Amino acid sequence: MTVARVIGIDLGTTNSCAAVVEGHDQKVTLIPYKGGSFTIPSIFAIDEKGNELVGHEAKRQWQLNPRQTVYGSKRLLGRQYDPNLAEKMHQYFAYEIKSSQAEEVEVPLAGREFSLQEISSKILQKIKDVAADYLQAPVTRAVVTVPAYFNDRQRQAVKEAGRMIGLEVIRVINEPTAAALAFGVGRALNKELVAIYDLGGGTFDISVIEIRDRVFEVKATGGDVFLGGVDFDNRIIDWAVSEFAAKNPGVDLRLDPIAMQRIKDMAERAKIDLSTRQDVPFNIPFVTVTPEGMPLDLDLKLSRAQFENLTQDLVASTMETCTRVVADAGVTTADIQHVLLVGGQTRMPAVQDAVTRFFGRSPSKQVNPDEAVAVGAAMFAYSFEDDSNLRVQVLDVIPMAIGIADATGKLYEIFKRNESVPNLKTVNFTTSVDGQQDLQMRIYQGDHVDQASKNEMLGEFTFSGIRIGPAGSVRVEVAFNLTQDGILEMSANDRDTGAEMKTTVNLGVAKGA
Ligand code: AMP
């Protein structure tokens, strides 16, 4: 009998990777793609013939088709549309984003609107197909990793992306927690603290996790969903464009999308090369043409020292987050026994040096920064299989407070930042007007306590069917249930009769409306 495997998926901003535990020795295997690589670019595109392309195929054509090629989409998944976000994304990407009717971000491609869930589902579909091919069995269940800093909506969006293609995401698990599993399972650690510094293509996370044999307890976590490798690339792009402008007054490379794509590609390659070299050439022949039709070359050189200069504030900002998270964990860096580096951008020597200085110890070489997250996800996935003998316990936390707007517009925190999940809290409300039949509340997630509407709104909940009575006479008990996935579920009942109230959730209400 073949056992239906639960696979682990690292759905990355830049690249995605899947792994599975198999065989008698329960080895973790990374699932290979055609061509032998273990990762696929998290890119979806529609070519001029209307074909949908995913992964390597999509990446191969992005220079020629930048406006119909969606990359870095994880940054947008589960987010409400707002013009600032659109402007920020424009600095990174050539594809368009707009607001859906429900005020979520969507991408118009080839005459159709795609939700970010749908785009992620295309990537998940590819992973699912390749895994099924590899395992010679259908794949219907997975553990998917997300940045620890993902909020409730972003986590829900990942689950929904899975649902769209018949893939049950049985658990979303935080990327650093997955990396800690990859490190800690089989090591029989006895109450040791591990810091996981995860700087990937588009996001940054830092978590402090205590490992007690098979128990992984997250002490604190923090990060930035808008800080990652792409920002390092962008600094090189800005530099190249301004150097070019200085040499060629009046020619603005930013107006030439094909030139910009080539510079983007070159910037990433130069950045990667600078991790092992002291300087790199930055040449693109015939990068653009003047209005008179004269071809112009980009002919520059970038040194590691220059690059470090261009990006030192980015590295410094990750260190500020580290300082906060270590304090939130209630420890000092001296208490932390192991430091793990995760994410491709941690291969940059200046990042490694800064981490080493901050924690006062060299990062562990025991985990592979590109694979640890998928490996840990696969281990966790395996623990859900019927024939599994691996039991692990993950005690995670929420990255940002969850609360409701109070009468003055402030955030009344139901769960504070870094509170443990799963978690259940109840809050009592009383009716404020005679004959009140429903109770409405807007739930927010974020760290802006003084103004609730500055946070991400998770939804507007309406509890209806309240017993009719004079103001103040009916007490409603609302239960806020944070699931293991860090997702909020709510219910309400009449405190006196116990009667359950009907709950409706409206996710599509404009921020701050
Ligand atoms: P990930 O999301 O973990 O796949 O990380 C991808 C990011 O790591 C991208 O921004 C890559 O450009 C970056 N990256 C990969 N390899 C290196 C390297 N050797 N040096 C610096 N950055 C790298």
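Please refer to the structure higher up on the page.
Let me sum up the structure you'll find in this document.

Reading guide: rules and limits
Residues numbered from 1 in each chain as written. Predicted model: local features only at pLDDT ≥ 70, side-chain atom pairs only at ≥ 80, totals over all residues. Heavy atoms only, no water. Helix = DSSP H or I, 4+ residues; strand = E, 2+ residues; numbered from the N terminus. Rg over C-alpha atoms; globule rule 2.2 N^0.38 Å. Buried < 20%, exposed > 50% of the residue type's maximum accessible area, 1.4 Å probe, protein only. Areas by Shrake-Rupley, 256 points an atom, 1.4 Å probe, with all protein chains shown as cover. Lys, Arg positive; Asp, Glu negative; His and termini not counted. Charge placed at Lys NZ, Arg CZ, Asp CG, Glu CD. Contact = heavy atoms within 4.5 Å. Phe/Tyr/Trp six-rings, centres within 6.5 Å; stacked < 30°, edge-to-face > 60°. Lys NZ or Arg CZ within 6 Å of the ring centre and 35° of its normal. Polar contact = N/O pair within 3.5 Å; in protein donor to acceptor, adjacent residues only side chain to side chain. Axes fitted to C-alpha atoms, helices over the stretch in contact; angles between N-to-C directions. Parallel < 35°, antiparallel > 145°, perpendicular 65-115°, else oblique. Left-handed = near helix turned anticlockwise from the far one by under 90°. Pairing = 2+ DSSP bridges. 1 Å grid on protein atoms, 1.4 Å probe; cavity = no way out; pocket = protein on both sides within 12 Å on 5 of 7 lines; lining within 4 Å. Points joined across faces, edges and corners; volume = space filled by probe spheres on them. Nonpolar A, V, L, I, M, F, W, Y, C, P; charged D, E, K, R; others polar. Domains from an automatic or database assignment. Salt bridge = Lys/Arg side-chain N within 4 Å of Asp/Glu carboxyl O.

Counting its secondary structure elements, the protein chain contains 10 helices and 28 strands. For the protein chain, the C-alpha radius of gyration of 24 Å lies close to 24 Å, the compact-globule estimate for 513 residues. When the 513 residues of the protein chain are sorted by exposure, 57% land in the buried category. Accessible surface for the protein chain amounts to roughly 21900 Å². Of this, 48% is attributable to carbon and sulfur atoms. Positive and negative side-chain charges of the protein chain, numbering 54 and 68 respectively, have mean locations separated by a distance of 2 Å.

Along the chain, the position of aspartate 10 falls in strand 1 (residues 6–11). Judged by its relative accessible area of 11%, aspartate 10 falls in the buried class. Remark: the alpha-carbon pair of aspartate 10 and glutamine 68, spanning 58 residues in sequence, is separated by 24 Å. Those residues in contact with aspartate 10 that sit more than four places away from it in its chain are Asn15, Ser16, Cys17, Thr145, Glu175, Val373 and Ala374.

Right, let's talk about the packing of aromatic side chains for a bit. The final tally for this structure, using the stated rule, is seven aromatic pairs. Judged by centre distance (6.0 Å) and plane angle (75°), the ring pair of tyrosine 71 and tyrosine 95 falls under edge-to-face. Taken together, the positions of tyrosine 71 in the loop between strand 7 (69–70) and helix 2 (83–92) and tyrosine 95 in the loop between helix 2 and strand 8 (98–99) put the pair 24 residues apart, joining distant regions of the chain. In this structure tyrosine 71 comes out as buried when scored by relative accessible area, which is 7%. Here the aromatic cluster, defined as three or more aromatic residues joined through ring pairs, consists of Trp62, Tyr71 and Tyr95. Directly above the ring of phenylalanine 114 sits arginine 112, whose terminal nitrogen or CZ lies 4.1 Å from the centroid.

Looking at where threonine 29 falls in the secondary structure, it is placed in strand 3 (residues 27–30). The class of threonine 29 is buried, set by a relative accessible area of 14%. For threonine 29, the side chain forms a polar contact with the side chain of glutamate 22, separated by 3.0 Å. The contacts of threonine 29, once residues within four sequence positions are left out, are Ala18, Ala19, Val20, Glu22 and Tyr134.

With that out of the way, let us pick up the environment of asparagine 481. Inspection of the secondary structure puts asparagine 481 in strand 26 (residues 475–482). Linking asparagine 481 and asparagine 423, residues 58 residues apart in sequence, is a C-alpha distance of 6.0 Å. Apart from residues no more than four positions distant in its own chain, asparagine 481 is found in contact with Asn423, Leu424, Ile487, Leu488 and Glu489.

Right, let's talk about the packing of helix 6 (residues 229–247) against helix 8 (residues 304–328) for a bit. With their axes 10 Å apart at the nearest point, helix 6 and helix 8 run at an angle of 135° to one another. When the axes of helix 6 and helix 8 are compared, the pair comes out oblique. You can see that helix 6 and helix 8 cross each other, and the crossing is right-handed. Between helix 6 and helix 8, the contacting residues are Asp231, Phe232, Arg235, Ile236 and Trp239 on the first element and Gln306, Phe307, Leu310, Thr311, Asp313, Leu314 and Val315 on the second.

Strand order in the open sheet formed by five strands is 21-20-24-25-28, with antiparallel pairing between adjacent strands. Two strands close off the open sheet at either side, each with one partner strand: strand 21 (411–415) and strand 28 (502–506). Across this sheet, the average inter-strand angle for adjacent strands is 30°, counted without regard to direction. As paired strands, strand 20 (residues 402–405) and strand 24 (residues 438–445) are joined by three bridges and run antiparallel to one another. Counted as the bridge partner of glycine 403 is tyrosine 444 from strand 24.

Taken as a whole, the largest pocket spans an internal volume of roughly 1000 Å³. Breaking the lining of the largest pocket down by element, the ones donating at least two residues are strand 2 (15–22), strand 4 (39–41), helix 6 and helix 7 (257–273). For the lining of the largest pocket, the element with the most residues is helix 7, which contributes six residues. Residues of the lining of the largest pocket, tallied by class, amount to 14 nonpolar, 15 polar and 13 charged. The residue makeup of the lining of the largest pocket includes at least three contributed by each of domain 1 (6–227 + 315–396) and domain 2 (229–309).

It is worth spelling out the sheet that holds strand 8 at this point. Judged by pairing direction, the sheet is antiparallel, and its three strands sit side by side in the order 8-9-10 without closing on themselves. Strand pairing shows two members of the sheet lacking a second neighbour, strand 8 and strand 10 (112–115), which therefore form its edges. Pairing analysis gives four bridges linking strand 9 (residues 105–109) to strand 10, with the strands arranged antiparallel. Paired with valine 107 across the strands is phenylalanine 114, a residue of strand 10.

The next subject is the pattern of salt bridges. Under the defined criterion, the tally for this structure stands at 27 salt bridges. For the salt bridge of glutamate 106 with lysine 98, the shortest nitrogen-to-oxygen distance reads 4.0 Å. Residue lysine 98 is classed as partly exposed on the basis of its relative accessible area of 30%. With a closest N to O distance of 3.2 Å, glutamate 413 and lysine 416 form a salt bridge. Taking the relative accessible area as the measure of exposure, glutamate 413 reaches 24% and is therefore partly exposed. Look at lysine 416 and you get partly exposed, because its relative accessible area is 46%. It is possible to trace a salt-bridge network through shared partners that takes in Lys191, Glu210, Arg212, Glu217 and Lys219.

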